[in-house]
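# Structural description and commentary
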Amino acid sequence: MHKCGSLLVATLLLVAPLTACESTNTTSTSTTSPGGNSTPAANTGTGQSRLDIVKQRGKLICGVDGKIPGFSFVNESGQYSGLDVDLCKAVAAAVFGDANAVEYRNLDSTERFEALKAGEVDMLSRNTTWTISRDTSVGLEFAPTTFYDGQGMMVRQDSGITKLEDLQGKAVCVEAGTTTELNLTDAMRQRGVQFETVTFQQADPAYAAYAEGRCLGMTSDKSQLVARRSTLPNPDEHILLDVTMSKEPLGPVTVNNDSAWFDVVKWTTFALIEAEELGVNQANVDQLKTSDNPNIKRFLGTEGDLGKGIGLSNDFAANAIKAVGNYGEVYERNLGEGSQFKLPRGQNALWTNGGLMYSPPFR
């Protein structure tokens, strides 16, 4: 492995998932669907859950980034892939038994929350950091964390910059309206570093400006920096500093005050984690439906009514695992040894392996 790559992996082992976000305007009460129909948002007081709307529509509309390899990335053929995308597929499979019953909407950091609150998307699976202000004043509901991250700083290897203090008087590129922006300001204030912030509404122009040398540093969640680094003309010319500026727990998001829909997203996410702990994977899920283990029988829906309790079929977890695999499989395929990034699990390992991934009991 390249020397810089080793530093990158070592740094990532220290962190916890994914990135930054945005504005807090008023909530809309309805939105116009692509077909021209007015769709009430989940919390409009109509008494209809987003779960009912999704079922009636026959597909899930999932808000993603679309430009972050390993998390949500759409290729030239229009095919989506990544950890965040797999979560969308898992929810679609849990609801419909079909991982393809999902439409993806690319949203930038300044539009994602309003799109969710207006009902334009059913959920976000878009490298979004869980914070108290977003959970309260913005009116969001955060499902379990799917990637523990931390904010980092990327610089050119030949810049001579080895720590944040070396950015004294220099420019740093950052995406506007994100937690990244405030975290950077706090970190530099603590160190007494005077610097210039160059902000961009969207990520693409920010990374382009960094690549052109308009900024000596680029800051975001470390996972995003790793992913975006791979798209630069000469990736090996860029390194991540050995610094973590924040905690960035990333995960799926729904609107507030809709417990029925939130439970579906929440327990589908937990199902991916629980499956790994139980040893249930994409290859053996059908075989294990005949297991004598009562925990596996309840989990896969061959015993009990756990699915019925959240408005789904009792085999909702089995459908999700059959579609995308357990959390370990999802991670390894998109970010781990089976990917171009080969990122160690670190804090994203199961709690039984020293990580933070933990599911409540399926009972």
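The structure under discussion appears in the preceding block.
Residues numbered from 1 in each chain as written. Predicted model: local features only at pLDDT ≥ 70, side-chain atom pairs only at ≥ 80, totals over all residues. Heavy atoms only, no water.

## Points about the nonpolar core
- Counting 73 residues, the largest nonpolar core has Leu60 and Trp261 as the members making the most contacts within it.
- Setting aside anything within four residues of it in sequence, one finds leucine 60 in contact with Val54, Cys88, Val91, Ala92, Phe96, Ala101, Val102, Glu103, Asp122, Met123 and Trp261. (Core = buried A, V, L, I, M, F, W, Y, C linked by side-chain atoms within 4.5 Å. Buried < 20%, exposed > 50% of the residue type's maximum accessible area, 1.4 Å probe, protein only. Contact = heavy atoms within 4.5 Å.)

## Looking at the side chain of asparagine 334
- Structurally, asparagine 334 is set in helix H12 (residues 327-334).
- Looking at asparagine 334, its side chain comes within polar contact range of the main-chain nitrogen of glycine 82, at 3.4 Å. (Helix = DSSP H or I, 4+ residues; strand = E, 2+ residues; numbered from the N terminus. Polar contact = N/O pair within 3.5 Å; in protein donor to acceptor, adjacent residues only side chain to side chain.)

## Observations regarding the packing of aromatic side chains
- Tallied over the entire structure, the rule returns 9 aromatic pairs.
- Measuring from centroid to centroid gives 5.1 Å for phenylalanine 71 and phenylalanine 147, while their planes differ by 85 degrees, and the two rings are edge-to-face. Of the two residues, phenylalanine 71 sits in the loop between strand S4 (67-68) and strand S5 (72-74) while phenylalanine 147 sits in strand S10 (residues 147-149), which places them 76 residues apart along the sequence. We note that phenylalanine 71, like phenylalanine 147, is buried.
- Consider the rings of phenylalanine 299 and phenylalanine 362, whose centres lie 5.0 Å apart with planes at 80 degrees: the pair is edge-to-face. Of this pair, phenylalanine 299 sits in helix H10 (residues 294-300) while phenylalanine 362 sits in the segment after H12, placing them 63 residues apart in sequence. (Phe/Tyr/Trp six-rings, centres within 6.5 Å; stacked < 30°, edge-to-face > 60°.)

## As for the pattern of salt bridges
- As enumerated under the stated definition, the model contains 18 salt bridges in all.
- One salt bridge in this structure joins lysine 117 and glutamate 114, with 3.2 Å as the shortest N-O distance. Pair noted here: lysine 117 and glutamate 114 are both in helix H4 (residues 112-117), with a separation of 3 residues, about one helical turn.
- Where lysine 322 meets aspartate 286, a salt bridge forms, and the shortest distance between an N and an O atom there is 3.0 Å. Here the residue lysine 322 occupies a position in helix H11 (residues 316-324), and aspartate 286 occupies one in the loop between helix H9 (259-278) and H10, the gap between them amounting to 36 residues.
- Of the residues examined, lysine 322 reaches a relative accessible area of 45% and is grouped as partly exposed.
- A single network of salt bridges, built from pairs that share partners, joins Arg50, Arg57 and Asp122. (Salt bridge = Lys/Arg side-chain N within 4 Å of Asp/Glu carboxyl O.)

## A short note on the state of the cysteines
- All chains considered together, the criterion is met by 2 disulfides.
- With its sulfur 2.1 Å from that of its partner, cysteine 62 forms a disulfide with cysteine 88. Judged by the sign of its S-S torsion, about -65 degrees, the bond between cysteine 62 and cysteine 88 is left-handed. Taken together, the residues cysteine 62 in strand S3 (residues 60-64) and cysteine 88 in helix H3 (residues 83-96) connect sequence positions 26 residues apart. Residue cysteine 62 shares its accessibility class with cysteine 88, and that shared class is buried.
- A disulfide bridge connects cysteine 173 with cysteine 215, and the sulfur atoms are separated by 1.9 Å. (Disulfide = S-S within 2.5 Å.)

## Considering unusual backbone geometry
- Even without being glycine, asparagine 127 reaches a positive phi, approximately 30 degrees.
- By the secondary structure assignment, asparagine 127 is in the loop between strand S8 (123-124) and helix H5 (132-135).
- Using a relative accessible area of 2% as the deciding quantity, one classes asparagine 127 as buried.

## Some details on the packing of helix H2 (residues 50-57) against H9
- Close contact between H2 and H9 brings their axes to 6 Å; oriented N to C, the two are set at 70 degrees. What the angle tells us is that H2 and H9 run roughly perpendicular. Touching Arg50, Leu51 and Val54 of H2 are Ala260, Trp261 and Val264, all from H9.
- Among the residues forming the contact of H2 with H9, the class breakdown is 5 nonpolar, no polar and 1 charged. (Axes fitted to C-alpha atoms, helices over the stretch in contact; angles between N-to-C directions. Parallel < 35°, antiparallel > 145°, perpendicular 65-115°, else oblique. Nonpolar A, V, L, I, M, F, W, Y, C, P; charged D, E, K, R; others polar.)

## A closer look at the sheet that holds strand S13 (residues 196-200)
- One open sheet holds the 5 strands; their spatial order is S13-S12-S14-S11-S15, and the pairing between them is mixed. Of all strands in the sheet, those bounded by a partner on one side alone are S13 and strand S15 (238-240). Neighbouring strand axes in the sheet, compared pairwise and without regard to direction, differ in orientation by 30 degrees on average.
- In the sheet, strand S11 (residues 151-156) pairs with strand S14 (residues 217-221) via 5 bridges, with the strands oriented antiparallel. The residue of S14 that forms the bridge with glutamine 151 is aspartate 221. (Pairing = 2+ DSSP bridges.)

## Considering H2
- Within H2, the full set of buried residues consists of Arg50, Leu51, Ile53 and Val54. Seen end-on, H2 carries its buried residues on one side only, within an arc spanning 160 degrees.
- One side-chain oxygen of the residue at the start of H2 lies 3.0 Å from the amide nitrogen of leucine 51, identifying that residue as serine 49. (Arc of directions from axis to C-beta.)

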